[in-house]
Amino acid sequence: MATPGNTSPAPKHESLDELVLKRPARSFWSDAWQRFLRDRLAVMGGVIFLALCVLAIAAPLISQSITKYDPNRINLLDTYQPPSDKHWFGADEYGRDYFTRIVWAGQISLSIGFLFAAVSLSIGVVFGLAAGFYGGWIDDLLQAVINIFNAIPFLPLLIIIGSLVKLGWVELAMILSLLGWTGASRQVRGLVLSIKQRDYVLAARTVGASDARIMFQHILPNVFSIVLVIVGFDVASAILTESGLSFLGFGVQPPTATWGNMLSNSLQYTTKAPWLILFPGLTISFTVLSVFLLADGLRDAMDPRLRK
Amino acid sequence: MTRYLVRRLLQTIPVLFIISIIQFSLVNAAPGGPLKAYMLDPNVSQEDIKRLEHEYGLDQPLPIQYLVWMSNILRGDFGRSYFTHRPVMEAVMERLPATIWLGLAATIISYSVGIPLGVYAGLHRGGKIDHLIRFFTSILNAVPHWWLGLVIIILLANIKLATGVMLLPIAGVKTLGKEEFDPLDYLWHLALPAFMLGTGGWVTFGRYMRSETLEVLGQDFVRTAYAKGLAERVVVFRHVLRNALIPVVTISAGIFVGLVSGAAIYEQVFSWPGMGRLLLEATLKKDYPISIGVVFIFTILAVLGRLMSDIMYGWVDPRIRYD
């Protein structure tokens with residue numbers, strides 16, 4: 001017997017599917033990503049920062065095919081040229097094209113930022129994780145070390161170090177990391193202290209997970225979001241410290257250009273060639289501002305309390 | 001209170017001890033050792049170097065050298081400059097007042113600009129001025145302030161070139177040609193360097209103060225204060241400000257260390273004859289006894305600054321008890 005049911009059995013199933021899976025569940029990360037995309041300032045910061053990184057990476061290409069200048073090539077006919085078609089950002093006291101130099105300097109300055117973030121975070125996360133997880137004497141030791149580090153005025157110490165050894169960018173980033181990891185460790189420690197009280201940690205312990213497994217499998221992933229934000233602030237602070245130290249002449253040494261050491265003779269330029277002071281500083285400011293906007297946006301996007 | 005102070009001062013001893021070891025090993029790890037400058041000088045013979053090494057005790061084993069050096073420091077003797085042979089403390093103390101004045105002025109500016117700005121922005125949340133304050137503090141937070149100082153120097157120098165008028169002094173502590181000390185002239189020269197050194201402080205204070213004000217405004221005791229008919233002024237000054245200040249005071253410690261640490265850059269930018277510049281001059285010449293003396297005094301200043309912020313903390317928050 002022909003029944004109406006035979007002609008259209010499919011739609012019934014389809015409507016059931018629709019009922020069950022109307023919208024796929026969003027993970028924490030895709031949810032955070034969606035919220036990040038809605039934050040226009042943060043996206044702008046991210047795009048600017050990405051563009052600056054791409055420019056720095058592409059420095060050899062830019063040098064070769066766009067500006068046609070070598071960053072270290074001295075050309076005494078062009079000394080102190082103001083910005084023009086020929087030299088977009090002018091030329092310095094040796095007639096070197098300033099735009100090309102700023103792009104190349106970006107490689108060094110940004111690398112210092114990233115290397116500092118990587119090394120200081122590795123140290124900071126390990127210490128913070130151990131101190132927060134085990135407490136006791138490890139924690140006391142960490143707190144004592146942090147207290148001592150926080151009382152030291154670092155720049156004067158860096159000045160002495162810079163005069164003793166000729167610093168390359170790797171050495172500089174390493175020294176900065178050895179001095180600057182305490183901030184990250186304190187934040188990670190605080191977070192671990194609260195996470196280790198959660199039920200899932202207790203559950204993991206109940207089924208017999210080892211300390212290492214609990215730390216790296218259960219706690220570390222939950223610390224990751226704050227670590228990502230610290231990366232941003234670390235990159236920015238390393239760029240700022242490098243610029244100050246190199247401005248004083250104790251950072252990365254010329255002819256290797258960094259945004260900081262391009263400013264090291266700047267007091268002589270104030271009336272003769274002010275653009276030589278303006279452009280490196282503007283580049284530093286843009287970089288740091290874009291990183292701050294990006295990191296602020298990431299923090300808000302990953303903060304579950306701000307979830308709408 | 002006295003016991004607390006004594007305990008805190010005792011706690012600074014390990015800090016200074018560790019710094020002294022770092023500094024001592026740094027200088028002795030230098031290639032060529034502390035007398036390198038003389039070794040390169042053709043006028044100084046090998047015998048002279050031997051004699052100098054003996055005079056400075058550099059022929060002793062390192063731990064002995066450290067003990068001698070440390071016991072001298074404890075008696076306030078940081079040794080003598082390698083170049084001028086003046087006692088280090090004399091050279092450092094000569095420069096200390098300029099740095100203290102600069103730091104003090106910057107501290108006053110940090111608080112007196114940052115706190116009102118932050119409270120105002122917090123009370124007028126979402127208004128035009130709030131947006132303006134947030135916009136500028138966000139930007140100032142990212143710009144290197146010493147570079148901003150350079151930009152202002154460019155502006156002032158070029159205005160001077162064009163019109164012959166110097167709006168604000170950009171270098172040094174007194175007007176050229178003036179012999180006797182004039183406090184007003186000193187303050188006039190202090191204005192720009194202190195404002196730039198204080199910028200990091202007031203921007204941070206302003207940002208914190210705004211968010212803390214917002215936080216406190218949402219709390220029950222503020223609603224109660226309004227509900228019982230207190231004047232707006234009283235609520236703001238006695239309830240909101242007092243509570244919002246607490247977290248701000250806790251970040252003061254970091255700001256003080258930052259002021260001390262940053263002194264060298266700002267003194268260089270504004271040709272301010274303080275300890276920071278002394279450090280730069282001495283370190284460039286590899287005159288390490290002076291460098292070490294300066295860093296030691298810097299560390300003591302930073303420690304005192306942190307102590308001051310702890311005391312302020314107890315003053316702002318009466319719930320804190322020192323014991």
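Residues numbered from 1 in each chain as written. Chains lettered and ligands numbered in written order. Predicted model: local features only at pLDDT ≥ 70, side-chain atom pairs only at ≥ 80, totals over all residues. Heavy atoms only, no water.

Asks: Describe the overall build of chain B, listing the residues and the values that go with them.
Replies: Secondary structure summary: chain B contains twelve helices and zero strands in total. Walking chain B from its N terminus toward its C terminus, one meets helices and strands in the order α-α-α-α-α-α-α-α-α-α-α-α. With respect to the principal axes defined by its C-alpha atoms, chain B has extents near 85 × 60 × 35 Å. For chain B, the residues scored as buried account for 47% of the 323 residues in total. (Helix = DSSP H or I, 4+ residues; strand = E, 2+ residues; numbered from the N terminus. Buried < 20%, exposed > 50% of the residue type's maximum accessible area, 1.4 Å probe, protein only.)

Asks: Run through the overall build of chain A, naming residues and quoting values.
Replies: Helices and strands together make up the secondary structure of chain A, namely 13 helices and zero strands. Taken against the 2.2 N^0.38 rule, which gives 19 Å for 308 residues, the C-alpha radius of gyration of chain A at 26 Å runs more than 25% over that of a compact globule. Here the C-alpha coordinates of chain A stretch approximately 100 × 65 × 30 Å along the principal axes. Each of the 308 residues in chain A was classed as buried or not, and the buried ones make up 47%. Contacts spanning at least 24 positions in sequence make up 72% of the contacts within chain A whose residues lie at least 6 apart. Accessible area for chain A stands at about 15,800 Å²; split by element, carbon and sulfur atoms hold 65% of it. One finds the centroid of the 24 positive side-chain charges in chain A at a distance of 4 Å from the centroid of its 21 negative side-chain charges. (Rg over C-alpha atoms; globule rule 2.2 N^0.38 Å. Contact = heavy atoms within 4.5 Å. Areas by Shrake-Rupley, 256 points an atom, 1.4 Å probe, with all protein chains shown as cover. Lys, Arg positive; Asp, Glu negative; His and termini not counted. Charge placed at Lys NZ, Arg CZ, Asp CG, Glu CD.)

Asks: Account for the interface of chain B and chain A, with residues named and values stated.
Replies: In this assembly, 44 residues from chain B lie in contact with 36 residues from chain A. Interface area for chain B against chain A, summed over the two sides, is near 3,500 Å², with a carbon-plus-sulfur share of 81%. There are zero salt bridges connecting chain B and chain A. Linking chain B with chain A are five residue pairs in polar contact (both at pLDDT 80 or more). Those elements giving two or more residues to the side of chain B that touches chain A turn out to be α1 (2–29), α6 (128–142), α7 (145–163), α10 (232–269), α11 (275–284) and α12 (288–316) of chain B. With nine residues, α7 of chain B is the largest single contributor of residues to the side of chain B that touches chain A. (Buried area = accessible area lost by both parts, 1.4 Å probe. Salt bridge = Lys/Arg side-chain N within 4 Å of Asp/Glu carboxyl O. Polar contact = N/O pair within 3.5 Å; in protein donor to acceptor, adjacent residues only side chain to side chain.)

Asks: So what's going on with helix α9 (residues 169–180) of chain A? Residues and values would help.
Replies: Residues and elements named next belong to chain A. In this model, α9 (twelve residues) spans 16 Å end to end at C-alpha, consistent with the 16 Å of a helix rising 1.5 Å per residue. For α9, the complete set of buried residues consists of L172, A173, I175, L176, S177 and L179. For α9, the elements touching its buried residues are α6 (98–134), α7 (136–150), α8 (154–164) and α12 (211–247). (Expected span 1.5 Å × (residues − 1).)

Asks: I'd like to hear about the domain arrangement of chain B, residue by residue, with values.
Replies: Residues and elements named next belong to chain B. For chain B, the assigned domains are domain 1 (20–74) and domain 2 (92–316). Computed from C-alpha atoms alone, the centre-to-centre distance between domain 1 and domain 2 is 39 Å. At the interface, five residues of domain 1 touch four residues of domain 2. Summing both partners gives a buried area of about 580 Å² for domain 1 against domain 2, and 79% of it is carried by carbon and sulfur. (Domains from an automatic or database assignment.)

Asks: Which residues make up the nonpolar core, and what are the values?
Replies: For soluble globular proteins, nonpolar side chains are generally found buried alongside one another. By size, the foremost hydrophobic cluster in this structure holds 132 residues, and its most contacted members are L248 of chain A together with W146 of chain B. Of the residues that make up this core, three or more belong to each of domain 1 (20–74) and domain 2 (92–316) of chain B. What W146 of chain B contacts, discounting residues up to four positions off in sequence, is S243, G244, F247 and L263 of chain A together with I265, Y266 and V269 of chain B. (Core = buried A, V, L, I, M, F, W, Y, C linked by side-chain atoms within 4.5 Å.)

Asks: I'd love a proper account of the pattern of salt bridges, names of residues and values included.
Replies: Scanning the model with the defined rule gives nine salt bridges over all chains in all. D139 of chain A is paired through a salt bridge with R189 of chain A; the nearest N and O atoms lie 2.6 Å apart. In this pair, D139 of chain A sits in helix α7 while R189 of chain A sits in helix α10 (residues 182–195), placing the two residues 50 residues apart along the sequence. Classification of D139 of chain A by relative accessible area gives buried; the value is 12%. Among the salt bridges present, the one from E94 of chain B reaches R86 of chain B, with a minimum N-O distance of 2.8 Å. Here E94 of chain B falls in the exposed class, since its relative accessible area comes to 51%. Taking the relative accessible area as the measure of exposure, R86 of chain B reaches 27% and is therefore partly exposed.

Asks: So, the packing of aromatic side chains: which residues are in play, and what are the values?
Replies: A ring pair, where both rings are aromatic, is described by two values, the distance of the centres and the angle of the planes. All names here are of chain A. Scanning the model with the defined rule gives 15 aromatic pairs over all chains in all. Note on F133 and Y134: the rings are 5.1 Å apart at their centroids and 85 degrees apart in plane angle, and the pair reads as edge-to-face. Through pairs of rings, three or more aromatic residues link up here, namely F127, F149, F154 and W181. (Phe/Tyr/Trp six-rings, centres within 6.5 Å; stacked < 30°, edge-to-face > 60°.)

Asks: Describe in detail the confidence of the model for chain A, supporting the description with residues and values.
Replies: Close inspection of predicted coordinates is inappropriate for parts of the model with low pLDDT. Taken as a whole, chain A shows an average pLDDT of 83; of its residues, 91% reach a score of 70 or greater. This stretch, residues 1–6 of chain A, has a pLDDT under 50; its non-local contacts, to residues over four places away or in other chains, come to one contact. (pLDDT = per-residue confidence, 0-100.)

Asks: If you had to explain the packing of α8 of chain A against α10 of chain B to someone new, which residues and values would you point to?
Replies: Put simply, α8 of chain A and α10 of chain B touch, their axes get as near as 6 Å, and they point 55 degrees apart. Between α8 of chain A and α10 of chain B, the angle falls in the class oblique. Judged by residue contacts, F154, L155, P156 and I159 of chain A of α8 of chain A engage S261, A264 and I265 of chain B from α10 of chain B. Grouping the amino acids of the contact of α8 of chain A with α10 of chain B by side-chain chemistry returns six nonpolar, one polar and no charged. (Axes fitted to C-alpha atoms, helices over the stretch in contact; angles between N-to-C directions. Parallel < 35°, antiparallel > 145°, perpendicular 65-115°, else oblique. Nonpolar A, V, L, I, M, F, W, Y, C, P; charged D, E, K, R; others polar.)

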